[in-house]
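Commentary on secondary and tertiary structure
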Amino acid sequence: MSSLVKFTPLCGAKSEQPLCYLLEIDEACILLDCGWDETFDVRLLRQLLKIAPKIDAVLITHCDLAHLGALPYLYSMGNMKAKIYATLPVQKMGQLTMYDIVESRQAKEDFDLFSLADIDSAWDNFVQLRYQQSVSLSGKAEGITISPLNAGHLIGGALWKITKESEEIVYAVDYNHAQDRHLDGTVLVDLPRPNILITDAYTALDAPTPGGRKAREGRILEQITSTLQRGGNVLLPSDSTGRVLELMIVLDEYWALHKMHNVTLAFLSPEGRSTLDMAASQTEWLSKHVNQRFVQSRRNVFHFEHLHRCCTRADLARLPYPQVVLASGLDLETSSFALDLFSEWAGDPRNSVILTHKARPGCFARRIIDSCLSGSGLPPTPIVMQMHKRVPLEGRELREHEEQQRIKDEEAKRKLQEEEEEAAEQAAEEAAAEEAARVPAAPAPGDAAAAAAGSVPGAPSTPRAGAAAVAAGSGVKRKRPRGTESRFLMFPHVEESSMFDEYGEVMDTSIYRKEDQMEDQIVGFTQETITFSGGATTEAPGGRMDAPVAAQPQEVPTKSVAYTTKIHLSAAVSFVDFGGRSDGRSAHTILEHLKPGKVIIVHGTEEATESLRAFCVDKVTEPESTMTPAVGDSVLASSDTNIYRIKLDSELAQSLSFVKVGGYDVAYIDAVMQMPAAPAQPAVAQAKMLMPSLVPRPGDAGRGRPFAFIG
């Protein structure tokens with residue numbers, strides 16, 4: 001029979017919450033995406049935490065928070081051990097996405113759900129794949145093959161084709177059929193008819209933009225130009241590693257074309273420099289025309305001439321005004337650079353705020369987008385926003401912090417002292433063992449004959465033992481440097497032994513010290529630091545003045561404080577959809593072309609989900625083959641086919657002529673099915689699982705007849 005396929009949404013069904021779904025194929029459990037949002041509400045992960053330990057594989061489609069944001073928490077707190085499969089850009093850019101989130105939060109808030117170390121630990125489980133590379137899973141997922149295909153939404157973004165025997169499942173969410181400046185369109189339209197298609201309804205209600213990509217770019221550039229003409233600044237809240245790359249290319253080309261050297265164009269993100277460096281190293285994942293341009297001119301599309309990369313507000317403050325800033329942070333609620341600039345610039349009517357991404361439902365940025373799309377506008381009343389900042393500790397809080405820090409330092413000092421004492425004891429034991437090896441042992445009565453023969457009294461019986469045998473007898477475990485062993489040793493002989501710790505051989509660092517440093521230690525000279533107006537200067541022996549040494553400021557302990565602020569929104573606010581997803585009409589065309597056997601619809605509002613379901617029932621599949629499960633509801637999606645195993649006679653197999661049909665080797669067979677003789681005992685027959693076989697027709701001269709496959 002066919003494989004048993006079961007699908008369960010864990011988050012992101014009939015809503016726009018992050019994407020996370022469980023796909024069960026027979027006994028294998030495969031997790032499709034593992035997203036979270038900026039709220040980091042653990043309640044969203046309740047379903048996932050229950051099954052995390054039994055997950056066999058994780059497939060990640062895109063590098064943004066909505067597709068992989070929960071990975072660090074699950075691997076640190078959820079006891080998940082499965083391998084994570086993704087393309088190289090999704091792995092690298094996704095890691096920078098998580099770095100950006102954690103650093104932005106910790107700069108203003110007490111964020112302790114996971115750390116940068118937790119991110120690195122989770123990312124150690126990634127397995128990098130190329131587009132169209134097929135990988136066979138193991139363990140309970142044996143027999144399942146996965147392959148990533150170009151999705152066209154973000155750099156390295158993937159659709160997943162999952163195959164087992166005759167069952168072919170395609171997981172396609174957040175795809176883009178249109179070509180961007182740096183990415184090709186999706187290959188979803190080129191796939192043969194899959195048995196099961198899992199797709200999303202996120203853009204099912206979105207109408208196509210008149211004029212397409214050029215019209216969207218023209219609207220953004222027109223609003224930026226009009227703002228600069230009235231002397232204002234422009235803020236574009238964006239993600240940190242995804243669609244912001246497309247915006248950078250558009251704006252940098254516009255700056256170069258119009259020679260706008262007097263206007264600052266900046267990308268503000270904690271990982272801004274790393275993001276662009278990583279993107280510049282991923283040229284093979286970009287579109288064909290970008291690669292052709294790179295081959296011809298050797299110019300990387302991400303080597304910008306006018307874009308400034310800023311990692312802190314201080315970097316941005318050094319640049320002249322007016323400024324056009326791409327700042328990380330989409331929701332304009334949680335701590336981010338975009339929220340900081342919005343609170344400062346929103347009250348000036350000369351400034352503009354251009355939103356280019358759909359933020360999560362319910363956040364402040366989404367309310368602005370909904371107002372722009374409906375044409376109702378925002379209310380004239382002041383906007384009350386909650387923000388965070390860090391302030392230095394004072395008074396009792398500072399004393400408590402210092403006391404806690406003192407206790408931690410004493411504990412660390414105590415542990416270090418214990419380690420030093422253990423190392424000293426080990427060194428003393430080794431020295432004693434070496435001393436014992438230098439003194440020959442008294443000859444035993446049984447050694448008289450050996451002594452008469454010319455051997456050394458008390459020597460080991462084998463020529464390779466040497467001093468190591470003495471040390472081994474004392475219970476001391478030591479390692480010898482490689483290559484120091486000799487086949488024939490002379491006795492008494494002591495081999496030099498080296499101490500090893502968890503990092504390797506312990507070295508004597510005194511041989512690397514400079515002569516003046518050795519003199520300072522011998523004389524006992526204490527360096528004296530004299531402070532001048534130009535900085536600190538170190539005076540060395542003999543009156544020599546070294547180069548000025550920068551004073552190291554002590555880190556001031558701080559705490560996070562939440563406060564509310566009122567913002568009178570006077571700046572111009574607009575929304576231009578730069579999300580890079582196929583619109584509703586394009587999605588309908590693709591589905592009608594694919595004609596999948598069954599469709600499972602996820603990730604979209606209830607209205608959008610119902611709209612796409614109605615279209616599929618009308619144009620694509622039967623009503624019972626179109627499923628829209630809610631979070632926690634499981635649906636069976638196995639194909640309505642039966643698979644039977646049968647043996648092929650060796651003589652018949654040698655006479656077959658195979659031809660390529662799609663991705664399969666197909667041959668024409670004209671044979672007779674023969675059942676094996678059943679054993680006398682029924683239990684034996686059941687244990688052997690008797691299998692029928694195909695044998696040539698008796699006296700059939702037509703074997704090997706010519707054939708052709710049509711269609």
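To keep things clear, this report deals only with the structure shown in the data block. (Residues numbered from 1 in each chain as written. Predicted model: local features only at pLDDT ≥ 70, side-chain atom pairs only at ≥ 80, totals over all residues. Heavy atoms only, no water.)

1. Focus on helix 11 (residues 337-345)
Helical geometry note: an α-helix holds 3.6 residues per turn, so side chains three or four residues apart project in the same direction. With respect to burial, helix 11 is a largely interior element, seven of its nine residues being buried. Along helix 11, the positions that sit buried rather than exposed are Phe337, Ala338, Leu339, Asp340, Leu341, Phe342 and Trp345. (Buried < 20%, exposed > 50% of the residue type's maximum accessible area, 1.4 Å probe, protein only. Helix = DSSP H or I, 4+ residues; strand = E, 2+ residues; numbered from the N terminus.)

2. Section: the packing of aromatic side chains
Within a pair of aromatic rings, the relevant descriptors are the distance that separates the centres and the angle that separates the planes. Evaluated as defined, the whole model comprises 12 aromatic pairs. Between the aromatic rings of Phe111 and Phe114, the centroid separation amounts to 5.3 Å while the plane-to-plane angle is 90°, which identifies the pairing as edge-to-face. Like Phe114, Phe111 is buried. Measuring from ring centre to ring centre gives 6.2 Å for Phe302 and Phe304, while their planes differ by 80°; the resulting arrangement is edge-to-face. Phe304 matches Phe302 in its accessibility class, with the two residues each being buried. Every member of this aromatic cluster is reached through a ring pair, and the members are Trp36, Phe40, Tyr73, Phe111 and Phe114. Sitting over the face of the ring of Tyr563, Lys389 holds its NZ or CZ atom 5.1 Å from the ring centroid. (Phe/Tyr/Trp six-rings, centres within 6.5 Å; stacked < 30°, edge-to-face > 60°. Lys NZ or Arg CZ within 6 Å of the ring centre and 35° of its normal.)

3. A closer look at a nonpolar patch on the surface
Side chains of Met507, Ile511 and Tyr512 sit close together on the surface and give an oily, nonpolar patch of about 390 Å² of accessible area. For Tyr512, the location among the structural elements is in the loop between strand 19 (504-505) and helix 16 (515-523). (Patch = residues over 30% accessible without salt bridge, like charges linked within 9 Å, V, L, I, M, F, W, Y side chains within 5 Å. Areas by Shrake-Rupley, 256 points an atom, 1.4 Å probe, with all protein chains shown as cover. Salt bridge = Lys/Arg side-chain N within 4 Å of Asp/Glu carboxyl O.)

4. Let's talk about a negative patch on the surface
Together, Glu419, Glu420, Glu421, Glu422, Glu425 and Glu429 make up a region of like negative charge exposed at the surface. Mapped onto the elements of the fold, Glu419 is located in helix 13 (residues 395-438). (Lys, Arg positive; Asp, Glu negative; His and termini not counted. Charge placed at Lys NZ, Arg CZ, Asp CG, Glu CD.)

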